[in-house]
Amino acid sequence: MEDMDLIRQVLSGKHEYYEYLVERYQKPLINFLRGILRNEEEVMDCTQEAFLAAYRNLWRYSPKYTFRAWLYAIARNKAIDQMRKRNNEVSLAFDESWADQKEGPEEAWLIKERKNEVQGILEELPEHYRQVLYLRYHQELSYEEISLVLDILVSSVKNHLYRGKEKLRQIMERRGINAGNGHVEPIISG
């Protein structure tokens, strides 16, 4: 079933259908929150809080955005609340799913090394660029969805993407890494 069909079922009183949304988005949401919080216990708490808040406010959901983007916006706000409690800096960590498990051991090792190298480069970027790059190239959100998740204008999303890719390219050039004709998207997306 499509997200909107599941949402309609839940809103009509068939609350058990919400479980399908949780199953569909739990792992991606956990990976998203890991990039913000880094503490596994906080990640799990915020994941639960986000799903609960989404459930309680499902009647407010508007299909103007995807359910995923709406859920990520809720989760991001929960994570910010959590960080305010402990006054830590946000950092975006990319999950291990980058390595394609279909590869042989040597290829898998090379992919993991490349991922670690890219992660190191991404850590040098300001947080707002890392977040936009992650949401665009790993979560494949649209500009409008990123705008909703990060609570910034679409023009700011475009600006952050452009400048983030440019800074990433400059860092790669300094390190002598080929970005493939200046295009860093394949590097970012693994």
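To keep things clear, this report deals only with the structure shown in the data block. (Residues numbered from 1 in each chain as written. Predicted model: local features only at pLDDT ≥ 70, side-chain atom pairs only at ≥ 80, totals over all residues. Heavy atoms only, no water.)

## Re the overall build of the chain
Part 1 of the reasoning: The helix and strand inventory of the chain stands at 9 helices and 0 strands.
Part 2 of the reasoning: Counting the 190 residues in the chain, one finds 42% classified as buried.
Part 3 of the reasoning: A fraction of 62% describes how many contacts in the chain between residues 6 or more apart in sequence connect residues 24 or more apart.
Part 4 of the reasoning: If you sum the accessible surface of the chain, you get close to 10,900 Å²; carbon and sulfur atoms cover 46% of it. (Helix = DSSP H or I, 4+ residues; strand = E, 2+ residues; numbered from the N terminus. Buried < 20%, exposed > 50% of the residue type's maximum accessible area, 1.4 Å probe, protein only. Contact = heavy atoms within 4.5 Å. Areas by Shrake-Rupley, 256 points an atom, 1.4 Å probe, with all protein chains shown as cover.)

## Let's talk about the side chain of His160
Part 1 of the reasoning: Mapping His160 onto the fold places it in helix α8 (residues 154-174).
Part 2 of the reasoning: On the accessibility criterion, His160 (18% relative accessible area) is buried.
Part 3 of the reasoning: When sequence neighbours within four positions are dropped, the list of residues in contact with His160 reads His128, Tyr129, Val132 and Ile152.

## A word on the nonpolar core
Part 1 of the reasoning: Leu29, Phe32, Phe67 and Leu135 are the most contacted members of the largest nonpolar core, which has 49 residues in total.
Part 2 of the reasoning: For this core, the secondary structure elements donating two or more residues are α1 (3-11), α2 (18-37), α3 (40-56), α4 (67-86), α5 (105-123), α6 (127-137), α7 (143-150) and α8.
Part 3 of the reasoning: Ranked by residues supplied to this core, first place goes to α4 with 10 residues. (Core = buried A, V, L, I, M, F, W, Y, C linked by side-chain atoms within 4.5 Å.)

## Points about α1
Residues spaced three or four apart along an α-helix face the same direction, because each turn holds 3.6 residues.
Part 1 of the reasoning: Restricting attention to buried positions, one finds in α1 the residues Asp3, Leu6, Ile7 and Val10. Within α1, the buried residues cover an arc of 100° as seen down the axis, which keeps them to one side. (Arc of directions from axis to C-beta.)

## A closer look at unusual backbone geometry
Part 1 of the reasoning: The phi dihedral of Asp151 falls on the positive side, at around 55°, and the residue is not glycine.
Part 2 of the reasoning: Structurally, the position occupied by Asp151 is in the loop between α7 and α8.

## Some thoughts on the packing of α2 against α3
Part 1 of the reasoning: Packing of α2 against α3 brings their axes to within 9 Å, and their N-to-C directions diverge by 140°. Relative to α3, α2 is oriented oblique. Considering the relative orientation of α2 and α3, their crossing is right-handed. Across the interface between the two elements, Tyr18, Leu21, Val22, Tyr25, Gln26, Leu29, Ile30, Leu33, Arg34 and Leu37 of α2 pack against Glu40, Glu42, Val43, Met44, Cys46, Thr47, Ala50, Phe51, Ala54 and Tyr55 of α3.
Part 2 of the reasoning: Of the residues belonging to the contact of α2 with α3, the class tally is 15 nonpolar, 2 polar and 3 charged. (Axes fitted to C-alpha atoms, helices over the stretch in contact; angles between N-to-C directions. Parallel < 35°, antiparallel > 145°, perpendicular 65-115°, else oblique. Left-handed = near helix turned anticlockwise from the far one by under 90°. Nonpolar A, V, L, I, M, F, W, Y, C, P; charged D, E, K, R; others polar.)

## Notes on the packing of α6 against α7
Part 1 of the reasoning: With their axes 10 Å apart at the nearest point, α6 and α7 run at an angle of 135° to one another. By the angle between their directions, the pair α6 and α7 is classed as oblique. Taken as a pair, α6 and α7 cross one another with a handedness that is right-handed. Residues Gln131, Val132, Leu135 and Arg136 of α6 lie in contact with α7, whose contacting residues are Tyr143, Ile146, Val149 and Leu150.

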